[in-house]
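Chains, contacts and geometry: an overview
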Amino acid sequence: MAGILQVIRSVKTMLHDTGSFQTIKVWNNQLESQRNGDDYSFAFPAAFVEIISPSEYNALPEGYTTSDIAIMIHIINEHYNALPEDDDPNMEEDEVVFGLRDKVIANLTLAKLPGTGPLALSAESQDYDHDNLYHYQVLFKASFIDDTGSPWNPANGGMVTIDPPIQLVLNVDKVPFIEGKENSPSRVILPIDPSKIKR
C-alpha cells in the first residue's frame, strides 16, 4: 500500500515514460503564473499532475482509509500560427496537443499505482479560447487505500508486506513406513466410482 506521495511520483514517472514532455511537475497553476509574467517559465510541452481535493475518505480498520481519488493531468503546449501570407493549413489549430492527450490516455488507462485500483479515464476538457498556450485537461479516477495512518505501515515501524506472487519452496523429508506403528495407515481409502455402486 502507499500514501498519496507515491501515487504522484508514479504518475510523473509514467508521464516521463511517454517521452513527450519537457516539463513534468505537480500542478500549482503554473500556466497562470507564466501568463502573468510572474518570473515563472517552463519548457513545452508540459504535463502537470493534480490530485483533486478535497477528497472524502472512509475509515477502515487499523488506521487505513479508502477513497475514490481523482487525478487531473494538465497538458500545456505552445503553438504559434504561421503568418497569414504563408497560407498555413493549421491556422488556429494545435493538433499536437491532441497527440499528447492520446499518449497520456494510452499510458495511464488501467495502470495500477501504489495503493490504487486500475486508473479509468473519467473526463476531459479542451481549451476553446486559448492564446499561444493550449491547456488540455484529462481526468482519471481510481479507488485508493491509504495506509499512511496505519501502525502496520513500514514507515511507522509496522511489518513489511510483500506483493504476490511469492515463491514458496518446501523441502520435505519422507518418513519410512513402519508396519504397526503410528505412521502406518489403518485403512486405505480409494476413490469411489459412482457408476459401480449397486442400487
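Everything numeric in this text was worked out from a predicted model, so none of it was measured.

All right, on to unusual backbone geometry then. With an omega of -5°, the peptide bond between phenylalanine 44 and proline 45 qualifies as cis. Among the structural elements, proline 45 can be located in the loop between helix 2 (30-35) and strand 2 (46-51). A positive phi is found at asparagine 29, a non-glycine position, where the angle reads about 55°. By the element assignment, asparagine 29 lies in the loop between strand 1 (23-26) and helix 2.

Quick look at the pattern of salt bridges now. Going through the model one piece at a time under the given rule, you end up with 2 salt bridges. With a closest N to O distance of 2.7 Å, aspartate 102 and arginine 101 form a salt bridge. Note on aspartate 102: relative accessible area 41%, which makes it partly exposed. Ionic contacts of the salt-bridge type, sharing partners, join the residues Arg101, Asp102 and Glu124 into one network.

Scoring rules and cut-offs
- Residues numbered from 1 in each chain as written.
- Predicted model: local features only at pLDDT ≥ 70, side-chain atom pairs only at ≥ 80, totals over all residues.
- Heavy atoms only, no water.
- Helix = DSSP H or I, 4+ residues; strand = E, 2+ residues; numbered from the N terminus.
- Salt bridge = Lys/Arg side-chain N within 4 Å of Asp/Glu carboxyl O.
- Buried < 20%, exposed > 50% of the residue type's maximum accessible area, 1.4 Å probe, protein only.

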